[in-house]
Amino acid sequence: TPCEEPLHAPLHAGAQAQALIVDKIAFGSCNAYAWQDWSIALDAHEMQDNFIFELQTRSSALRLNGLSVSLFIDEIPLSRVSEIVAHTAHDGIYAISLSSHDFEPIAGQNRRLFFGVKCGSLPVRYQVVTHLMHSEIHAEEIAHGEACPGDWIYHSIALDEHLAHMTPYSSLVAARSAANARLGVGTSSSHRRRMVSTGDTSSSTHLLVVVEKVVGSMAIRPEFNQAPLVLVPPYKYMHEEEGHSELTICNVSRFFNHDPVFKYHLGIVGSKHCAHYGLTVEPFTGDCHHGMPAAHRRTRSRSLASSSSESAEDTSHIGPDKHGALYCSGAENACALSIRHYTYGSCTELARHVPFTFELTREQLNSNLVVVVADLNDADYSSSLSLTLYHGSGTHEALVDSAMPLASTQAGRARLFSVGLDAFTLQSKVCNRANCSQAGVETFSLVVGCAATPVRFSVLVEVVDLPLEPEVPVHGEVCPGSWMYHKLPGVARGEAVRFTLHVHEGNAYYAMVRWDAPPSFASCNKNEVELSEVDSSAPASIELCPAGDSADDAADAYIGIFGGLSCAIYTLEATAFELDSGATCASSHTVIGGPCLGETSLKSEGIPAGSIVPIFLGAFFGGSVLVFAVWAMIVSRRAEEGRPARTIKNLLHFVRPQLTMPIDAPVGQSAPPSVPPSPPPSAEGEEAKLSSAGGLHI
């Protein structure tokens, strides 16, 4: 007879879990190597906020890391395998946080979260508590939160009509006084705000974010219109002894009256100790450049933190390895990914994880695609993982038999493995010359395999928009060996375009601009900027001068960014402007618009006939000078050696093989070097700005 479960067997391992209530302390214990389960139900509204589960031990004889806490969603599998586990206690507290951003892939219906507590070799008594922290905040309101090491908490403020029609404060000093009064700092009647009339629309509205921290250490990272996922400049680090901090976000009024409504997101990430804080946002007008403390710089490497001093900035616990609320144990046939949300997985040595799948609409196929897999092991092994991206779905064997890979890699940099497809390559490979503008959905599969060691990893899929809106910053990521393209459509003839590019982290190799077609290494060389020569601490300004005469009234301005040695996170903003009478198109990096030698523009009709003679004469005289210089050098060297000099005829015969060029080499084309240079390091502690017109100051 077939084996059957007894009738008394639970439907899943968490059937006997004890219920939790938000903000209510519960007590529990577990025996050696035993489990105790807890659960809490959250509705769709509650999952729009941030959530934290905390366990504090009460046993005096507890060994270091004597227990672990595992998170399960909806049910506990019999295997009890989870990729979201708290193994380490900070000040005796085990914590698992789920941010409002983490909940997005599973929001929309009620969920039950299970927390499995497993003891080590000794019994443990403990207490647990859960909290919900508001994500959406409003001006003049106080938001409280708690961020434990490595966990992110998000707050956002909408740049909507409510904020636009609020009576602004007359100055930054008044706004600061009002914020301190609400947070209980220096409260007195003289510190209350002063109102001004809303009739003055010439002054821009700015935001002052005031943070009061009670205990712990943390970092604050603002980002426009999306939640920050990685700690990159600009951000503000708050040490354990630092209780007060301020951030100023300038010129937010330029983002009012937009559909959909823009937001500013504040990411709070815990550092060495769990941080408890309160913050408030106050609008004000006037000068936005008053009293801005310096920002700090950091990369994804966890080895940059200094622990030699208690007051030194400690970011050793800050990284990408605790983002996301979804996990995949590998027991399913496939694991679904959500765009711009971390998903966790693991594989054993010489084994593959089940395929990860994600969907893109036909509209999203007109965007750039980046897939980044991070090795979360402590050891840095550059070949620990392999990843292959396919168009379609199915088992790994079926994918191999049915389709060619879209991209693949086995080489990692700083424990990051990435593949990228620009918008035009994605369309050509996926649509196969079909119409990508039709409605529909395309499925993609990612296969991740381990090499000689087991690896725990995270997967992130990002879609980087191709079109830009004037003066609206966008965020993107470009990885080694791939292009990311953006375009500002509908630029009026006679207008110039300024691209402001700020690489916050990583390395980008080249930025190129061009009219009416995406640039590449076959484009005109004077339309490029080598980013390794640009100071990465400040934005690079790249101007595309007005396009030449054309029958069209408008043109599209393109910029292409080519990845360097490591994945680069950047912010890009485009502005079209008219040149003043008699002015020239000039900046620190300026390129000239219109077709030129070696450029294949969709609007050009070829090289003007009048330019053939100057090109020929220049090449002839330049070659003559080169031959004469080489001949003079050889004559001098042979005279020193006492040998007869070569004649010009013999010299030409000698150098002819070296002067031969391939017939199909484009005129004016230069290939990139095999190893792109890395940008110079930036000084620690310098001020970070997004833009002078509507930037962020910390």
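Along each chain, residues carry numbers from 1 onward, in the same order as the chain's sequence is written. Reporting of local features is limited, given that this is a predicted model, to residues whose pLDDT is at least 70; pairs of side-chain atoms are given and counted only at 80 or more, and all residues count toward the totals for whole chains, interfaces and linings. The side-chain values count all of the structure's non-hydrogen atoms but skip hydrogen atoms and water molecules.

Draft legend 1. Structural detail: the side chain of H265. Residue placement: H265 occurs in strand β16 (residues 263-270). If we ignore the near neighbours within four places in the chain, the residues touching H265 are H155, S156, R221, P222, E223, N225, Q226, A227 and P228. Counting from the N terminus, the helices are the DSSP runs of H or I reaching at least four residues and the strands are the DSSP runs of E reaching at least two. Whether two residues are in contact is decided by their heavy atoms: any pair within 4.5 Å suffices.

Draft legend 2. Region of interest: the environment of E212. With respect to the helices and strands, E212 occurs in strand β12 (residues 205-215). As for E212 and N180, which are separated by 32 residues in sequence, their C-alpha atoms are 8.7 Å apart.

Draft legend 3. Broad picture of the state of the cysteines. To count as a disulfide, a pair of cysteine sulfur atoms needs to be within 2.5 Å. Tallying each qualifying case throughout the model produces 5 disulfides. Note that C250 is cross-linked by a disulfide to C288, the S-S spacing being 2.0 Å. Between C250 and C288 the sulfur-sulfur dihedral comes to about -95°; the bridge is accordingly left-handed. With C250 in the loop between β15 (244-249) and β16 and C288 in the loop between β17 (275-285) and β18 (326-327), this residue pair connects regions lying 38 residues apart in the sequence. With its sulfur 2.2 Å from that of its partner, C479 forms a disulfide with C567. On the sign convention where negative is left-handed, the bridge of C479 and C567, at about 110° about the S-S bond, is right-handed. On the criterion of sequence distance, the pair formed by C479 in the loop between β28 (474-478) and β29 (483-492) and C567 in the loop between β34 (554-563) and β35 (568-578) is long-range, its members being 88 residues apart. For the pair shown, C479 and C567 are each scored as buried. Buried, partly exposed and exposed residues are distinguished by accessible area as a fraction of the type maximum, computed with a 1.4 Å probe on protein chains only: under 20%, between the cut-offs, and over 50%, respectively.

Draft legend 4. A look at the sheet that holds strand β4 (residues 50-57). Strand order across the open sheet formed by 4 strands is β2-β9-β4-β7, with antiparallel pairing between neighbours. The strands lining the two open edges of the sheet, one partner per strand, are β2 (26-30) and β7 (93-98). Averaged over all adjacent pairs, the angle separating strand axes in this sheet is 25°, with direction ignored. Strands qualify as paired when DSSP identifies two bridges or more between them. Pairing of β4 with β7 involves 6 bridges; the strand directions are antiparallel. Bridge pairing in β7 links E54 to A95. Between the N-to-C directions of two axes lies an angle of 0 to 180 degrees, each axis being a line fitted to C-alpha atoms and, for a helix, fitted only over the stretch in contact.

Draft legend 5. The arrangement of the packing of aromatic side chains in detail. Pairing of aromatic side chains here covers Phe, Tyr and the six-membered ring of Trp, requires ring centres within 6.5 Å, and sorts the geometry by plane angle: under 30 degrees stacked, over 60 edge-to-face, intermediate tilted. Here the structure, examined in full by the defined rule, presents 16 aromatic pairs. Ring plane angle 75° and centroid distance 6.0 Å describe the contact between F356 and F457, whose orientation is recorded as edge-to-face. Here F356, found in strand β21 (residues 356-361), pairs with F457, found in strand β27 (residues 455-464); they are 101 residues apart in sequence, far enough to count as distant. Residues F356 and F457 agree in their burial class; the two are buried. Where F424 meets Y558, the ring centres are 6.2 Å apart and the plane angle is 50°; that geometry is what we call tilted. Note that F424 is positioned in helix α5 (residues 423-430) and Y558 in strand β34, a separation of 134 residues in sequence. Put simply, the rings of F424, W483, Y485, Y509, Y510, Y558 and F562 pair up and form one aromatic cluster. In this analysis the charged atom, NZ for Lys or CZ for Arg, is taken to sit over a ring once it is within 6 Å of the ring centre and within 35 degrees of the ring normal. Over the ring of W35 we find R80, and its NZ or CZ is 4.3 Å from the ring centre. Over the ring of F577 we find R498, and its NZ or CZ is 4.3 Å from the ring centre.

Draft legend 6. Focus on the sheet that holds β16. Spatial strand order, β11-β16-β13-β14: 4 strands in an open sheet with antiparallel pairing. Of all the strands in the sheet, the pair left with one neighbour each is β11 (152-158) and β14 (236-238). Each strand of the sheet is rotated relative to its neighbour by a mean of 20°, with strand direction disregarded. Across 7 bridges, β11 lies against β16 in antiparallel orientation. Opposite Y154, over in β16, you have G267 as the bridge partner.

Draft legend 7. Looking closely at the pairing of strand β22 (residues 368-375). Taking burial as the measure, the 8 residues of β22 include 8 buried ones, the bulk of the element. On β22, burial covers both faces: N368, V370, V372 and A374 on one face and L369, V371, V373 and D375 on the other are all buried. Of the pairings in the sheet, the one linking β22 to β27 comprises 8 bridges and is antiparallel in character. Across the sheet, residue V370 finds its bridge partner in β27, namely E462.

Geometry only, nothing functional implied.
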